[in-house]
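Take a look at the letters that make up each chain.
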Amino acid sequence: MNTSATAANRQFATETLESAVIRFCGDSGDGMQLTGGEFTTTSAVYGNDVATFPDFPAEIRAPAGTLPGVSGFQVNFASTEIYTPGDKVDVLVAMNPAGLKTNIADLKGGGILIVNEDAFNNNNLKKAGYASNPLEDESLKEFRLFKIPISRLCEESLAETGMGAKAIGRAKNMYTLGIVYWLFDRSLEPTIKHLTDLFAKKKNQPELAELNIKALKAGYYMGETAEMFQSRYVVPKAKLAPGKYRQISGNEATALGLIAGARLANKTLTYAGYPITPASDILHFLSAYKNYHVKTLQMEDEIAAICAAIGASFTGDIAITASSGPGIALKGEGIGLAVMTELPVVIVNVQRGGPSTGLPTKTEQADLLQAVYGRNSECPCIVIAARSPGDCFDAAVEAIRLAIKYMTPVMLLTDGYIANGAEPWLLPQVGAMKPIEIKHATEFNGHSDDADGEGNNVYLPYLRNENLARPWAIPGTPKLEHRVGGLEKAENTGNVSYDPRNHQRMVDLRQAKVEKVAQDIPPTEIQGESSGDALIIGWGGTYGAIHAATERLLKRQQKVGTVHLRHINPLPPDLGDIIKRFKHIIVPELNKGQLIRIIRDHFLVDAVGINKVQGKPFLVSELVAEIEGIIAR
Amino acid sequence: MNTSATAANRQFATETLESAVIRFCGDSGDGMQLTGGEFTTTSAVYGNDVATFPDFPAEIRAPAGTLPGVSGFQVNFASTEIYTPGDKVDVLVAMNPAGLKTNIADLKGGGILIVNEDAFNNNNLKKAGYASNPLEDESLKEFRLFKIPISRLCEESLAETGMGAKAIGRAKNMYTLGIVYWLFDRSLEPTIKHLTDLFAKKKNQPELAELNIKALKAGYYMGETAEMFQSRYVVPKAKLAPGKYRQISGNEATALGLIAGARLANKTLTYAGYPITPASDILHFLSAYKNYHVKTLQMEDEIAAICAAIGASFTGDIAITASSGPGIALKGEGIGLAVMTELPVVIVNVQRGGPSTGLPTKTEQADLLQAVYGRNSECPCIVIAARSPGDCFDAAVEAIRLAIKYMTPVMLLTDGYIANGAEPWLLPQVGAMKPIEIKHATEFNGHSDDADGEGNNVYLPYLRNENLARPWAIPGTPKLEHRVGGLEKAENTGNVSYDPRNHQRMVDLRQAKVEKVAQDIPPTEIQGESSGDALIIGWGGTYGAIHAATERLLKRQQKVGTVHLRHINPLPPDLGDIIKRFKHIIVPELNKGQLIRIIRDHFLVDAVGINKVQGKPFLVSELVAEIEGIIAR
Amino acid sequence: MTQIELPKYTAKDFATDQEVRWCPGCGDYAILAAVRKVLPDLNHRKENYVFVSGIGCSSRFPYYMGTYGIHGIHGRAPAVATGVKAANPELDVWLVTGDGDGLSIGGNHLMHMLRRNVNIKVLLFNNRIYGLTKGQYSPTSLEGHRTKSTPMGSIDHPIHPISFALGVEATFVARCTDVNKGGLNILGDVLKAAANHRGSAFVEIYQDCNVFNHQAFFYATEKDTARETTVLLEHGKPLVFGANRDKGVRLNSTRLEVVSLDKVKEDDLLFHDETDPALAFLLSRMSHTQGMPEPVGVFHRIHKPCYEDMLTAQMNKAIEQRGEGNLEKLIHSGSTWTVGE
Amino acid sequence: MTQIELPKYTAKDFATDQEVRWCPGCGDYAILAAVRKVLPDLNHRKENYVFVSGIGCSSRFPYYMGTYGIHGIHGRAPAVATGVKAANPELDVWLVTGDGDGLSIGGNHLMHMLRRNVNIKVLLFNNRIYGLTKGQYSPTSLEGHRTKSTPMGSIDHPIHPISFALGVEATFVARCTDVNKGGLNILGDVLKAAANHRGSAFVEIYQDCNVFNHQAFFYATEKDTARETTVLLEHGKPLVFGANRDKGVRLNSTRLEVVSLDKVKEDDLLFHDETDPALAFLLSRMSHTQGMPEPVGVFHRIHKPCYEDMLTAQMNKAIEQRGEGNLEKLIHSGSTWTVGE
Ligand SMILES: Cc1ncc(C[n+]2csc(CCOP(=O)(O)OP(=O)(O)O)c2C)c(N)n1
Ligand SMILES: Cc1ncc(C[n+]2csc(CCOP(=O)(O)OP(=O)(O)O)c2C)c(N)n1
Ligand code: SF4
Ligand code: SF4
Ligand SMILES: [Mg+2]
Ligand SMILES: [Mg+2]
């Protein structure tokens, strides 16, 4: 089928938009995540820039039709570069009353509202807490409401397939997607291909592939023929950097980046983890990539996971563990052992809402101070953060590179928002990626005072190179047998030492080593002005919102500059100078103020925070308003 | 025997000293801790002010005669108020070459050095790494050396008892103590009484009591008769606050304070712990006090301990756990649960050298940032610190009081130095101690919208009082059945809530609650000037050294003031004002700078740290020098 | 405890106003219903119940019980529950956990709670999967199980919860299924037996995770197969099973074998003895995959003193021997001296 | 592994320059000596040994072995060791732990390592006390034991390490004593047997803590009593013991009893079968306090695939089936599209 040809048959008003935000919502069982994902891929393949925000319930399957059971997926697609899934929604697709109820507040006045009329029965209305049917009273009059009996239409169009009612019922999301594809003049091809791959190839259920494709087309034709919509919308291609792209979520990018790091080092990757939302997918992805010399260990808990990683690191593998808030808290003691034994381990923290079990499926940025300070005693580790789904790849490679170069654990912070969110990712050039060099010690590196003769005759596991890193001799290497452990080490020899001055020296050295990482930090890029009224300092997954807000502020002639930190411990060496060039220092964070604590401490500057702890990302508009408020003070 | 009468028989030159510092050192098997403890008690009972510093090896029993096997005990006793065990030693008693080797550097030039000559045989000299016998070369010539064949003399004097060689050999510490008692003109009575209690009564070995008493007296007579010493020393009584005193170590005071808190609340105390140096003694003390309505649970690990404490707290007991660095790191997730469930739990952290296993028997103050920030997400808990052994009692009572008043966990920081160190403790007046009021909820406290009728008909476990504390209904109370847990709670009802605004509200409330504690903090006391050149801000176990240094600085006309913080989170509300009145802000800490991070962040003041991480307390002299250096900048 | 006059409860009294949020068809519903139904029969006060759990689908249980409850952190419920019981031995403490919560991250706490014999009733919902985190394998997942985290199949040898509990010397060990469509539904009876045991009571419940491990235990719950693949343990009675009760289990030295009652007399079968730990251990290794019926009912039940009773007894004894401690006594408990004015 | 030409090692090659710092008289010395003595006989390369431990007196062990070693954190050695073995299955990994380290804080990790059958040799030094922290009771301390933390006596029912290991289905389970002054010294033999077992090997060693729990196992090690209170397990042989080898152990249904060889023939005694887990479990409950000799030697030994072998096999199979992954392939592994210039 050539959908674009078909679409051309009739004439519709066509409106061209710079960007549009669609949110699909419905019951967890309604397949909204798949629907949204398909729309995103199709738009990306078409050439739009896209940004997404999946939002699903904490329960596996909350009771059908209830408010906690609502699952949503928002996609922003545009002909310009965009950085966030959008503050407000242009088109809301609500598959049931509960979906409508929880999402309608985000629909723009005058926005398009497509509902599955069939789902608005008494039972569902009651479950959603509606006293009367909103489709029939005045409450939705500010929107362009399209009531479509999606369930019935879909059923009718699939009746002749002879498939069961359940399968047909489930296909209504594809029917709906067909409608939306028609509305935005999109090709059905990518989705048809994906449905074929998914059902026919992977799950070996070609009849399901056919059914869903049929539903998709039926929805599309409905748009075409039903004369329901007055106009169609076109969001033209964006001018994106040329190259090959793919959709990627943060967790997948993290997994790929970790493998890439190991491949660059030409090493086996040993990942030891324990499932926890929203970090589990890293384990899932990695365990599917075993042919990349990946071993995945699902351990009995998070403590075992960090400890197995330490064991694997001692043995010479690229050793990784990942978790989220509560699991990272459990790893504190283990990370201390890695700091003391000076072994490279990467700990990924996909941050989620807290404290305690908190809001497991929601995003937050509140583990920064834990990352920097959350261990007993003086226990510095390198802390870096990823800013977007695709950036997780680079950040993961960087984490491995630093861990090995400095022989020390690195904490990589991502968050639920970028981990689950996806964006088009410009595939990096393999040729441009620097190999990660590992030289395991194989020879003696010191001379023992007790011994006769000259030349090296002992292995000193705590001798240091110019980066203050110690050598890495691995088991199986003759003559370099040595022991490491959590007791304080004597300089050079690594023997247990209770000597006061040695302790001071080693505490200083471990600190100095982490501070040395400053030499690896490139000059800080500033978005916008390089001096002026306000410097905005961000980190992590708020990048998109802050970037977009900065663009808007710059357009409004505000004299603002923005830096977004990859490196948190240590901070970029030029940050102090940049700070001095601005009147206000503003630190937006999805916490009660954490990076700001460190900024204030280091630079003694009266930085002001913009803080939000609602399990949700910043809206661009709220950032713009807050920042303008601060500047106007 | 009337020793003072005996002592009067002959005439010796008598020198009166304001204070003296004695250090006993020898092999772990030589009984130096007991010896030092006896001298301390005797001096305290006599009326001196005393301060002590026990320093023992990490090994249970390192091989006899080796350097790591050396055990030391230092006591400073004075006719004035003193605050530290002293920087340098006036009298060093060394029972073997290894003891001499590791301690001689701290003996003042011209100081008295008493050695057990018999122990300086080839074998021991070699173990201590002496190429030649220091008693026979020139190396000790700057000291007043007394070589005494203690082993032989002791043996001879006990030969007729007919006791075994081993018992006699062990008694030489008492012989030595006798010599020192003679030298400082001390009564033997307290020690005789203690030996009788210990051996005859507790261990039912009266023959050992007799043996040791005999050795003690023999040593004393040796001093009297041997014409070895040219003069005796007198350290007169100090002018101490009148009242009843006892010697108390920090860990014992913590245990007593915890029991006192529970008694003031008229509640059973449930302590759940797991052994770890240097916190284990709290468990030992508490388990010996069961008749004070104390239950002690030695759990399988630290996580189990904090969790059992949470269970006990939910059930209405005064719930306590204690540990040190690595164990506290493990409790992070559990503390988060206590923060979320808003249950009162006191967590005692007896800080030790780190990171990781570190230096288990050495002191450090490096867990402050972990206490304040070391949990996932926004997870505030109250943090207070004790300043001296006796102060642990007050701090423990305060911890329980705050935990209950605000229904939230409290972290109490002590450290290895004050936990093992002892000081004379002026017994508090029971009548002056305020009861701790607990009103468990027994009635409905809210009205359900769903319900008919008026008046309260539901229990709202997350309703708040004027302190923002929630009510505390305990199992067994009819009608108030409710559930708590680690997922975010809806305001008032405490039901699970994923609502964004509720989350923000609850995060804010938990923070606000901890900040409310500021209302309980008394005006900050300043030692010395209330404005001037330098404000010294200290916390925890460095109190003694900082206090003494401040006294010395004031005597030297320096314009310094010193505050020593009990409350760390939140900080005293008047601290900002005080800081403004000084030119330099100096923060001495036994870490790489932790309180200072918070001070700089809060007050944007360029505070300067004095930092030492050597597993040892500050010397007064080094503080004085550093502070004067900073003032002179 | 004296059985003073109690309100007459019904299952409804043990419900809450919170919507139950398990997936439709989840085995947890049946267990919840059974627990709510059993409690009114136990003649304990409602306000004395405390339900403690960890994290997992199963661990949502306390929210649905109209009793006191703690939804703890992952794996730590046994420690939390021990604290509850230590503080107030009069309470009726129940612990709900999953195969991940109780045997993966929480295995150590469970082990120590069981060996200490804290008087707590443990319901371990074994669905051989991590439900809440959406389908990774668990310590009870069978070898080769393909899950999200084991796309090529699990390589761990699974743990047998009953063997584990016996190995750490639990005083009451039982097994049953969430539903039973093919035989006697013993869930209620086992719950009652656990409730009436004075000490730690460990109950493994085969539970269907409708979404991530559906039908894992259908052999033991469905009409066609249940009576062939399970055998009911009854103290002092022979092990007879089969739809027609025509098969039995016989002891041959220290190994078990299935025999036909055509050929072997009932008297020659193995007679169950709840007090014999080694026998219970032997029974715990029976697997339907090896042609043996899997026992349900009470494997092991013996009496030992309870932790919280001894804890309290020591406290009371100390009070008796040394007198009740008060503040004055406490502060003056060391050797003291006086400094005059 | 092919046995290529190896240097001839002696015990001394396995020593380090670090002073051994256990208390004089500690049982750990004997074990250290035995291990150093056994290794040269095993024909493995010295550089392939890794000794992993947790925290405790016993856990200082790696510092005294001239091999690679990790002195880990308290209780976590099994996890660290699993990481070592996963990364390089060729290494010979030994784990040294104590009754506190291995069974209190570390019980869960030990359990999971054992059930996964990671090919690691575990030496659990059981001294029934916390040595390093100076004398608190441990999970194996006997009931009523007065220690620093239990001045009125322990109220915990102790755990039996052998029962525990069998309950979690370890494939090799053995026991011996640190010294043996009254019979055969089997420590070396047991160590060798453990070394030669392909899979997790769990060895409980009764160890004397000279300072805090002296003589706890003298009944099993001293001349007068050892032969009366212990019985050596030998596969396929009857259980005979006694200074005069005049007593035996007989199976009576599922219970064990001591019989005199005057009255009972050897053939009627229990014959040891290392492959029978239930028998091993039965044997694990024998206690000299109940008049039964305590078995030493190998309780249980069966073959199961090792975790690290399967882990590696899956990786290799994936490479075989899907081709070796490289960077280019990795980055292009999803569905892609191209944006033109
Ligand atoms: C410290 C910590 N680690 C991991 C998790 C994530 N997590 C929640 S439940 C669970 C496992 C659930 O499995 P199970 O106990 O079998 O319960 P089920 O959901 O199957 O009933 C995991 C890994 C967590 N909440 N906390
Ligand atoms: C996390 C943590 N908790 C507690 C400790 C303190 N600790 C060190 S060793 C030990 C127990 C030692 O007992 P065991 O394992 O039996 O070894 P042993 O000393 O008897 O050989 C404890 C509790 C610690 N080091 N780390
Ligand atoms: S995921 Fe499985 S165990 Fe969890 S609620 Fe759903 S069906 Fe039940
Ligand atoms: S304390 Fe006990 S176990 Fe530790 S070294 Fe000393 S004797 Fe050995
Ligand atoms: Mg499960
Ligand atoms: Mg031990």
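Fair warning: this is a prediction, and the values are worked out from it, not measured in the lab. (Residues numbered from 1 in each chain as written. Chains lettered and ligands numbered in written order. Predicted model: local features only at pLDDT ≥ 70, side-chain atom pairs only at ≥ 80, totals over all residues. Heavy atoms only, no water.)

**Student:** Any details on the environment of His235 of chain C? Residues and values, ideally.
**Tutor:** Residues and elements named next belong to chain C. Topologically, His235 is positioned in the loop between strand S7 (230-233) and strand S8 (240-241). Judged by relative accessible area, which is 44%, His235 ranks as partly exposed. Contact partners of His235, with chain neighbours within four places excluded, come to His272, Asp273, Glu274 and Thr275. Among the polar contacts made by the side chain of His235, one reaches the main-chain amide nitrogen of Glu274 at a distance of 2.9 Å. (Helix = DSSP H or I, 4+ residues; strand = E, 2+ residues; numbered from the N terminus. Buried < 20%, exposed > 50% of the residue type's maximum accessible area, 1.4 Å probe, protein only. Contact = heavy atoms within 4.5 Å. Polar contact = N/O pair within 3.5 Å; in protein donor to acceptor, adjacent residues only side chain to side chain.)

**Student:** Which residues make up the sheet that holds strand S9 (residues 243-249) of chain B, and what are the values?
**Tutor:** On the basis of which strands lie adjacent, the open sheet formed by 3 strands has the order S16(B)-S9(B)-S12(C) and antiparallel pairing. The open sheet is flanked by strand S16 (422-426) of chain B together with strand S12 (336-339) of chain C, the only strands paired with a single partner. Strand-to-strand, the axes of this sheet are offset by a mean angle of 35°, without reference to chain direction. As defined by bridge partners, S9 of chain B adjoins S16 of chain B across 5 bridges and the pair is classed as antiparallel. Bridged to Tyr245 of chain B within S16 of chain B is Leu426 of chain B. (Pairing = 2+ DSSP bridges. Axes fitted to C-alpha atoms, helices over the stretch in contact; angles between N-to-C directions.)

**Student:** Residues and numbers for the relation of the copies chain C and chain D, please.
**Tutor:** One copy of the chain maps onto the second through a rotation around an axis plus a translation along that axis. With an RMSD of 0.0 Å, the fit of chain C onto chain D corresponds to turning through 180° and sliding 0.0 Å along the axis. What the superposition gives is, in effect, a two-fold axis relating one chain to the other. (Least-squares fit on C-alpha atoms with pLDDT ≥ 70 in both.)

**Student:** Can you break down the side chain of Lys290 of chain B residue by residue, with the values?
**Tutor:** Mapping Lys290 of chain B onto the fold places it in the loop between helix H11 (280-287) and strand S11 (294-298). In this structure Lys290 of chain B is buried but unpaired, with Asp156 of chain D as the nearest side chain of opposite charge at 10 Å. Among the polar contacts listed, one links the side chain of Lys290 of chain B to the backbone oxygen of Ser287 of chain B, at a separation of 3.1 Å. (Lys, Arg positive; Asp, Glu negative; His and termini not counted. Salt bridge = Lys/Arg side-chain N within 4 Å of Asp/Glu carboxyl O.)

**Student:** So what about the packing of helix H7 (residues 172-183) of chain A against helix H9 (residues 206-225) of chain A? Which residues, and what values?
**Tutor:** All names here are of chain A. Relative orientation of the contacting elements H7 and H9 amounts to 40°, with a least axis distance of 6 Å. Between H7 and H9, the angle is such that the two are oblique. In this structure, H7 meets H9 at a crossing whose hand is right-handed. Across from Asn173, Met174, Tyr175, Leu177, Gly178, Ile179, Tyr181 and Trp182 in H7, the residues of H9 making contact are Asn212, Ala215, Leu216, Ala218, Gly219, Tyr220, Met222, Gly223 and Glu224. (Parallel < 35°, antiparallel > 145°, perpendicular 65-115°, else oblique. Left-handed = near helix turned anticlockwise from the far one by under 90°.)

**Student:** Describe in detail the coordination of the magnesium ion (ligand 5), supporting the description with residues and values.
**Tutor:** Around a metal, the perfect tetrahedron of four donors has angles of 109.5 degrees, and the perfect octahedron of six donors has angles of 90 or 180 degrees. Residues and elements named next belong to chain C. At 2.1 to 2.2 Å from the magnesium ion (ligand 5) lie its protein donor atoms, namely Asp99 (OD), Asn127 (OD1) and Ile129 (O). Taken in sequence order, the residues that donate to the magnesium ion (ligand 5) follow the motif D-x27-N-x1-I. No difference in accessibility class separates Asn127 from Ile129, as the two residues are buried. (Donors = N, O, S within 2.8 Å, 3.2 Å for Na, K, Ca; no water.)

**Student:** Can you explain the site of ligand 2? Please cite residues and give values.
**Tutor:** The immediate surroundings of ligand 2 are formed by 21 residues, with Glu302 of chain B together with Cys57, Ser58, Asp99 and Asp101 of chain D found nearest. The environment of ligand 2 is shared, with nearby residues belonging to chains A, B and D. Note that an oxygen atom of ligand 2 is positioned 2.9 Å from one of the backbone N or O atoms of Leu132 of chain D. Computed on the free molecule, ligand 2 has an accessible area of 590 Å², of which 98% lies beneath the protein chains in the complex. Counting residues per element, the shell around ligand 2 draws most heavily on helix H3 (residues 99-105) of chain D, which supplies 3 residues. Of the residues contributing to the shell around ligand 2, the split by class is 9 nonpolar, 8 polar and 4 charged. (Near = heavy atom within 4 Å. Areas by Shrake-Rupley, 256 points an atom, 1.4 Å probe, with all protein chains shown as cover. Nonpolar A, V, L, I, M, F, W, Y, C, P; charged D, E, K, R; others polar.)

**Student:** Could you give an account of the interface of chain C and chain D, naming the residues involved and the relevant values?
**Tutor:** Each partner contributes residues to the interface: chain C has 49 residues there, and chain D has 49 residues. Of the roughly 4100 Å² buried where chain C meets chain D, counting both sides, 58% is carbon and sulfur surface. By the criterion of area lost to chain D, the three top residues of chain C are Met152, Ile155 and His157 of chain C, representing 19% of everything that side buries. Remark: the boundary between chain C and chain D carries 10 salt bridges. In this structure, the connection of chain C to chain D is made through 27 residue pairs in polar contact (both at pLDDT 80 or more). Counting residues per element, the ones that place at least two in the side of chain C that touches chain D are helix H3 (99-105), helix H4 (107-116), helix H5 (161-167), helix H9 (277-284) and helix H10 (307-322) of chain C. Per element, the largest residue contribution to the side of chain C that touches chain D is 8 residues, and it comes from H10 of chain C. Among the residues making up the side of chain C that touches chain D, the classes are represented as 22 nonpolar, 16 polar and 11 charged. (Buried area = accessible area lost by both parts, 1.4 Å probe.)

**Student:** Kindly report on the coordination of the magnesium ion (ligand 6), identifying the contributing residues and their values.
**Tutor:** Residues and elements named next belong to chain D. Protein coordination at the magnesium ion (ligand 6): the donors are Asp99 (OD), Asn127 (OD1) and Ile129 (O), at 2.0 to 2.2 Å from the metal. For the magnesium ion (ligand 6), the single-chain donor residues occur in sequence as D-x27-N-x1-I. Taken as a pair, Asp99 in helix H3 and Asn127 in the loop between strand S4 (120-126) and helix H5 (161-167) lie far apart in primary sequence, 28 residues in all.

No statement about biological role is implied by the geometric values presented.
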